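Descriptive analysis of the structure
Each chain, letter by letter, is given below.
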Amino acid sequence: MLSSRLEKIKPSPTIAVTTKAKELRELGKDVIGLGAGEPDFDTHDNIKNAAIKAIKDEQTKYTAVDGIIQLKKAIQEKFARENKIDYDLTEITVGTGGKQVLYNAFMASLNKGDEVIIPSPYWVSYPDMVLLAEGTPVLVTCPLENNFKLTPTQLEQAITEETKWLILNSPSNPTGAAYSHEELENLANVIRKYKHVNVICDDIYEHITYDNFKFYTLASVAPDLRNRILTVNGVSKAYAMTGWRIGYAAGPKALIKAMAKIQSQSTSNPTSIAQYAALEALSGPQEYLQDRNKAFLERRNFVIEKLTEIKGLKPYQAEGAFYIFCSCEELIALQTPNGDTINNCTDFASYLLDEALVAVVPGVAFGMKNYFRVSYATSNENLKKACARINEACKKLT
Ligand code: PLP
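The paragraphs below set out a description of the structure included in this document. (Residues numbered from 1 in each chain as written. Predicted model: local features only at pLDDT ≥ 70, side-chain atom pairs only at ≥ 80, totals over all residues. Heavy atoms only, no water.)

1. Observations regarding the nonpolar core
Ranked by size, the top nonpolar core spans 53 residues in total, and within it Leu71, Leu155 and Tyr239 carry the most contacts. Here this core takes 7 residues from helix H11 (residues 272-283), the largest share from any one element. Those residues within four positions of Leu71 in sequence are excluded, and the remaining contacts are Val94, Ile246, Gln275, Ala278, Leu279 and Leu282. Counting residues in each nonpolar core, the second largest holds 40 residues, with Leu102, Ala105, Leu353 and Leu357 among its members. (Core = buried A, V, L, I, M, F, W, Y, C linked by side-chain atoms within 4.5 Å. Buried < 20%, exposed > 50% of the residue type's maximum accessible area, 1.4 Å probe, protein only. Helix = DSSP H or I, 4+ residues; strand = E, 2+ residues; numbered from the N terminus. Contact = heavy atoms within 4.5 Å.)

2. A word on the packing of helix H4 (residues 69-83) against H11
Two elements in contact, H4 and H11, have axes whose closest approach is 9 Å; the angle formed by their N-to-C orientations is 25°. As the angle between them shows, H4 and H11 are arranged roughly parallel. The two elements H4 and H11 cross, and the hand of that crossing is left-handed. Seen from H4, the contacting residues are Gln70, Leu71, Ala74, Ile75, Lys78 and Arg81; seen from H11, they are Gln275, Tyr276, Ala278, Leu279 and Leu282. Among the residues making up the contact of H4 with H11, the classes are represented as 7 nonpolar, 2 polar and 2 charged. (Axes fitted to C-alpha atoms, helices over the stretch in contact; angles between N-to-C directions. Parallel < 35°, antiparallel > 145°, perpendicular 65-115°, else oblique. Left-handed = near helix turned anticlockwise from the far one by under 90°. Nonpolar A, V, L, I, M, F, W, Y, C, P; charged D, E, K, R; others polar.)

3. Regarding the site of the ligand
Neighbouring residues of the ligand: 13 residues in total, closest Gly98, Asp202, Ser236, Lys237 and Arg245. Contact distances for the ligand include 2.7 Å between an oxygen atom and a side-chain N or O atom of Lys237. In this structure, Arg245 approaches the ligand through a side-chain N or O atom, which is 2.7 Å from an oxygen atom. Relative to its free-state accessible area of 400 Å², the ligand is covered by the protein chains to the extent of 93%. For the shell around the ligand, the element with the most residues is helix H5 (residues 97-109), which contributes 3 residues. (Near = heavy atom within 4 Å. Polar contact = N/O pair within 3.5 Å; in protein donor to acceptor, adjacent residues only side chain to side chain. Areas by Shrake-Rupley, 256 points an atom, 1.4 Å probe, with all protein chains shown as cover.)

4. A short note on the sheet that holds strand E12 (residues 361-362)
Taken together, 4 strands build an open sheet; the order of strands is E9-E10-E13-E12 and the sheet is antiparallel. Where the open sheet ends on each side, the last strands, each with one partner, are strand E9 (314-316) and E12. Bridge count for E9 against strand E10 (residues 323-327) is 3 bridges, and the pairing is antiparallel. Within the sheet, the bridge partner assigned to Lys314 lies in E10 and is Ser327. Packed onto the sheet, helix H12 (residues 288-309) meets E9, E10 and strand E13 (371-375) and runs at close to 10° relative to E10. (Pairing = 2+ DSSP bridges.)

5. Things to note about H5
Between its first and last C-alpha atoms H5 spans 19 Å; for 13 residues at 1.5 Å apiece the expected length is 18 Å, and the two agree. All of the buried residues along H5 are Gly97, Gly98, Gln100, Val101, Leu102, Asn104, Ala105, Phe106 and Ser109. (Expected span 1.5 Å × (residues − 1).)

6. Considering the state of the cysteines
A full pass over the atoms with the stated rule returns 0 disulfides. No disulfide involves Cys142; its sulfur sits 15 Å from that of Cys201, the nearest cysteine. Under the relative-accessibility criterion, Cys142 is labelled buried at 0%. (Disulfide = S-S within 2.5 Å.)

7. Things to note about unusual backbone geometry
Pro171 follows Ser170 through a cis peptide bond whose omega is -15°. The topology assignment puts Pro171 in the loop between strand E5 (163-169) and helix H8 (181-193). Geometrically, the link from Asn173 to Pro174 is a cis peptide bond, its omega value of 25° lying close to zero. Phi is positive for Lys84, which is not a glycine, with a value near 60°. Among the secondary structure elements, Lys84 is positioned in the loop between H4 and strand E2 (92-95). What makes Lys84 exposed here is its relative accessible area of 65%.

8. Some points on the pattern of salt bridges
Scanning the entire structure with this criterion turns up 21 salt bridges. Put simply, Asp57 and Lys53 hold a salt bridge, and the shortest N to O gap is 2.7 Å. On the basis of relative accessibility, which here comes to 39%, the residue Asp57 falls in the partly exposed class. The closest approach of N and O atoms between Lys78 and Glu206, which form a salt bridge, is 2.9 Å. Of this pair, Lys78 sits in helix H4 while Glu206 is found in the loop between strand E6 (198-202) and helix H9 (218-221), placing the two residues 128 residues apart along the sequence. Judged by relative accessible area, Glu206 falls into the buried class, the value being 6%. A single network of salt bridges, built from pairs that share partners, joins Lys78, Arg81, Glu82 and Glu206. (Salt bridge = Lys/Arg side-chain N within 4 Å of Asp/Glu carboxyl O.)

In structure tokens form, the structure reads like this:
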């Protein structure tokens, strides 16, 4: 009964970890989840009130397939205000989360065999989305030595005649690494040479950066390439609105129109109420984002400090997002108190879940072995407890 398409893909491993942690919790175990990629902050009241108002005002019917005009205008203003890029409303689309927007983009643009360059470690969904759209993911390993970032040389080596897209995710999930203006310029110099190569910039963590890092997106660094760039963003991470499911993108008109066509034959419009909430998020007060970043920064520094103290772990301190990508390479081949061997980072993550009741995601889920990802988008108390437990569990490895 099931299609062969299913054989190519796997369920999201991050969702799998979160589900397992939830199951253990339901069995009464005190599991601390550091697996989920969502801020623990509440959606701000002004946004909630806008949604309530939308319901009361009967904004509860179908809307334009790819978003109400007021929201598109707010997105247009966001790009002008924050990224200094002027988009026409016809160059903007809204979907049910950044995830659907990306999926639409691949479905609308990929033909069988088209290649998509994905710097690795990568967000878990990119390769599978590309496969579902019959494209070919081309994974390029970007090791710690390059701060987990794609270099111009690597990019040039990965480009073939089949290349349709390069995906740049800055700040990155899972590493938090973000590209500087100069690094983007250097990549743009390569992209300029290959006119058939387009770029998806996944900027969903744009607002979550630290240490005075200045965020830039490729379309603002290289405006001459804007007709080859799809800039994807959303309200999930910045405004703590993961459940509202609103993402958006700006890019070439023909692609934007094609993406709406795909959406018109699948989900139609994103929820009308959530669109009004997102409109308020983007056009209402922005100052509180800074306060939240301060809280994230404190947590990042705390977790980095604690993980650094643990023998065998090497956390990577990055410019943004709310993740720490941590090496556990030195613990591979050690034995657990039960006599099991830690053969890889998946074993290590399972060990942490069983022994320390802490849920993390193994690096292989993101295409890099011997690492694991910690999300610090949870309370200070949870982080304190989790780090102590990880420490204890690691000490028991011999
Ligand atoms: N892109 C990246 C890198 C992500 O980490 C996520 C969510 O985890 C998304 C896109 C999609 O977010 P949403 O669909 O909630 O907008």
